[in-house]
Amino acid sequence: MDGFCRHCFADAPDGAARCPACGSPRLIRHSELHTLSIAHIDCDAFYASIEKRDNPELEGKPVIVGGGRRGVVSAACYVARTYGIHSAMPMFKALKACPHAIVIRPEGRKYSTEGKRIREMMQDVTPLVQPVSIDEAFLDLTGTHRLHGGSPALTLARLQKRIHQEVGVTVSIGLSHNKFLAKTASDLDKPHGFAIIGKAETLDFLADKPVGFVFGVGPSFAKKLERDGYRTLADIRRAGDKELAARYGESGLRLARLSRGEDTRAVNPERERKGVSSETTFNEDLSDLAALEDRLWPLCVKLADRAKVDNIAGQVVTLKLKRADHRIITRRRTLTAPTQLADALFRVGRELLKGEATGPRYRLIGIGISELGLSTGDAGDLFDDGALKRAAAERASDAARLKFGGDAVVKGRVLRSQNKP
Amino acid sequence: MKITIERDALLAAMNHVATAVQKRTTIPMLENVLLKAETNDCVELSGTDLDMEASALAQAAVEQSGQATVSADRLRNIARSLPPGANVQIELADNGNAVHIKSGRSRFQSPSLDPRDWPLLKGPEEAEPLRIDAKALAAALEGVRFTAMPHGKGSDNLAVVYFDFEKTGLLRLVATNRHILGHVALTIEGAPPASFSLHTNHAAALSGFLKSAEGEVTLASDGRVMRATRKGATLTTKLYDGPYVDWERIVPRETQETTAFDREGLRIAVQRAAIMVDEQSNLTKLDVGKDSVTIIGQGEFGASGHDEIAVESTGEMSVGYNGRYLSEILSALSGARTDLKWSSPTSGSLLCCPDAPDHFYLLMPVRI
């Protein structure tokens, strides 16, 4: 069976428990090791790993990255996960499970800079990189064997090592023959893992998985399927395409195909990001316009920071509010020219907010941009003399923050909201 | 209703009516054309989308007067498919439920909706119409239309062309999208109506209407609707009902510097430099010197295009503009020479031909 050492990349002979060359136990073997070429790479507890990298004192301690008391967990390190904490979990629950966890406020700019570095390393091995989010992507390494002087598996192992050495975070790799199974595989051996699902084992691997295992099958669809007698993917497979399509239409057919591990979606690097947004949940519900505005401004800065790192600008600004009863309200406005400036985002966001801050209590506010394009300079406004001056000021403040650190220049508004209880 | 109409007259009328008819709508009547045969030698055809109505009069032999409605798209396609010079008979049949159309050996039947349900768009009340040369108005409208916000993209108050009658003896057409402002003035005679804002989609329809008009047209408005009339046809549209922006405030009274250049030369140079610029990005940089301007188009990954033309300039600056706006302005202006009048690279620059100062554009720079 083909195999190699993930530490020194030497061949691993059958049966050996450790690498004969370097003694590492991190060996990988698979009969299809050198023929598979679709991969999914997922950073392990990305935000938390970056925080741990930057502060060695956090080593071995449970670290949660996320918002305040009422926010949710953005990332939990593997120590914190042993307490049952997972991302998207409400913060108060997480702190109940692990009261001594160290909570760190997310610093989006830092993560997106590091995420971008990792993405560039991925792009060094193949142009076919399809980012799924800031910390995960699909890669198609088909036909790169000669270029890199080794199989895709070997190239991926080298990439994994390079990311670890240069960025200081670990990633988990799933390698298979399509995107669905590659993504499934990357979850099998976390953290710092390398898992493979070959063609030969696909059917056996999927057989006993519950229907909800397939992405896109949510709790209600899964319930419906179970009611109709389909509990596992083997049940789906037995029913066949026709039956599934007749019962559930398009999504039934899709499920039937995925139950056999068939996924024809290509890794598509062109897939555009539709929008970028930033939101926050308050400790206490807010209804006052001024208080909401104070919360909106830092979000605009955060969003603008991300847009600036990626050199993108958005033509449509969307304000999101969540009422105390969890009803979500969104208001959008198309701009006359795309922007990536916090000032411009805030001005539009504030206009939209004025229409909604008329009494109801809100628990969350968010702002986003969509219809993205490359940023091409800050457009002036014939009716707003100050727009170009404010743009110049914001660019100057960005330069100062880059040089002297994140808090070098802040608006008075930020200090005011920080001083509030 | 039963009429006989010549195919060419029917097609010409239907082509005009179609400007107001939408193909997909939730109100079935709006897909129809209203045929009104009330005298014995002509028929009136109308289409509407509730905000705009296009009507045309066509000569016809009326055997039986009355009204009918029928799918506008189908009637137009039938007229198109028939040979020139053919006679077309249109008859309301089946107790008013169907329209029968006959020509030569061709027969068509189409369902008809009750004409009493036709949504009438009332024309301007007691408005004195203004007479104006159709070709001149069409050219003026084309000169400013591209500077307005497009229809349906938000900022409704800017998705209009403003017909400004504030100055005696002048019709000033103005449009702006906050980054560019276009201005053209026409002399008029007679009492003007109150100024009004025409939605950009209606301005496009009016432009088409004017292009197929001969001689003079009349414009009438009561502040609620506007009606343009040419021989045998009218176009009625609702108007934007809010006030227009205070556009005169942003037009600089005086500028400090003037850069004079050959219009066609700069237009070609801007287009050439833009070859290296990606479609999304429209940034064009001008390095203005006393006797030459360097035009730089900047693309992604360090791509760039440079060109240079001779100018006469009183001042020097380095400025960025939206290249698409700049080339549209240079195409829209006439005359050999164009003056760029400016004060700084962060305030609006004026572009006009010195022989026609009333046709000008105000262009806001982009920060590079």
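In short, a report on the structure.

Topic: the environment of cysteine 43 of chain A
Residues and elements named next belong to chain A. By the element assignment, cysteine 43 lies in strand 3 (residues 38-43). Overall, the relative accessible area of 4% leaves cysteine 43 in the buried class. Dropping the residues within four chain positions of it, cysteine 43 is found in contact with Ile118, Asp135, Thr170, Val171 and Lys190.

So, the nonpolar core
With 65 residues, the main nonpolar core has Leu45, Ile90, Phe163 and Leu206 of chain B as its most contacted residues. Ranked by size, the runner-up nonpolar core spans 49 residues in total, among them Leu36, Cys43, Phe46 and Tyr111 of chain A.

Overview of helix 3 (residues 134-145) of chain B
For helix 3 of chain B, built from twelve residues, the straight-helix expectation of 16 Å at 1.5 Å per residue is met to within 8% by its first-to-last C-alpha distance of 16 Å. Among the residues of helix 3 of chain B, Ala134, Leu137, Ala138, Ala140, Leu141, Gly143 and Val144 of chain B are the ones counted as buried.

Focus on the pattern of salt bridges
The full count for this structure, using the stated rule, is 42 salt bridges over all chains. We note a salt bridge from glutamate 63 of chain B to lysine 2 of chain B, for which the minimum N-O separation is 3.4 Å. Pair noted here: glutamate 63 of chain B is in strand 4 (residues 52-64) and lysine 2 of chain B is in strand 1 (residues 2-6), with a separation of 61 residues, a long-range link. On the basis of relative accessible area, glutamate 63 of chain B is assigned to the exposed category, the value being 55%. Judged by its relative accessible area of 18%, lysine 2 of chain B is buried. Glutamate 328 of chain B is paired through a salt bridge with arginine 324 of chain B; the nearest N and O atoms lie 3.7 Å apart. Here the residue glutamate 328 of chain B and the residue arginine 324 of chain B both occupy positions in helix 7 (residues 323-332), the gap between them amounting to four residues, near one helical turn. On the accessibility criterion, arginine 324 of chain B (41% relative accessible area) is partly exposed. Overlapping salt bridges bring together Glu51, Arg53, Asp54, Lys110, Glu114 and Arg117 of chain A as one network.

Structural notes on the pairing of strand 3 of chain A
Residue and element names in this part refer to chain A. Across the six residues of strand 3, six count as buried, placing the element largely inside the fold. Looking at chain direction, strand 3 and strand 9 (residues 171-176) are connected through six bridges and run antiparallel. What sits directly across from histidine 40, in strand 9, is glycine 174. Both strand 3 and strand 8 (residues 136-140) contribute to a ladder of five bridges, which runs antiparallel. Looking at the pairing, histidine 40 lines up with phenylalanine 138 of strand 8.

Thresholds applied
All residue numbers refer to positions counted from 1 along the written sequence of the respective chain. The lettering of chains begins at A and the numbering of ligands begins at 1, in the order of writing. For this predicted model, a pLDDT threshold of at least 70 governs which residues receive local features, and a threshold of 80 or more governs which side-chain atom pairs are given and counted, while totals over whole chains, interfaces and linings are taken from all residues. Hydrogens and water are ignored here; the side-chain numbers use all heavy atoms of the structure. A run of H or I in DSSP counts as a helix once it spans at least four residues, and a run of E counts as a strand once it spans at least two, with each numbered from the N terminus. Using a 1.4 Å probe on the protein chains alone, a residue whose accessible area is under 20% of its type maximum counts as buried, one over 50% counts as exposed, and one in between counts as partly exposed. When checking whether two residues touch, look at their non-hydrogen atoms; a contact exists if any pair is within 4.5 Å. Among the buried residues, those of types Ala, Val, Leu, Ile, Met, Phe, Trp, Tyr and Cys that are joined through side-chain atoms within 4.5 Å form a nonpolar core. Here the expected length of a helix is defined as 1.5 Å per residue gap, with one fewer gap than residues. What makes a salt bridge here is a side-chain nitrogen of Lys or Arg within 4 Å of a carboxyl oxygen of Asp or Glu, nothing more. Between any two strands, at least two bridges found by DSSP are needed for them to pair.

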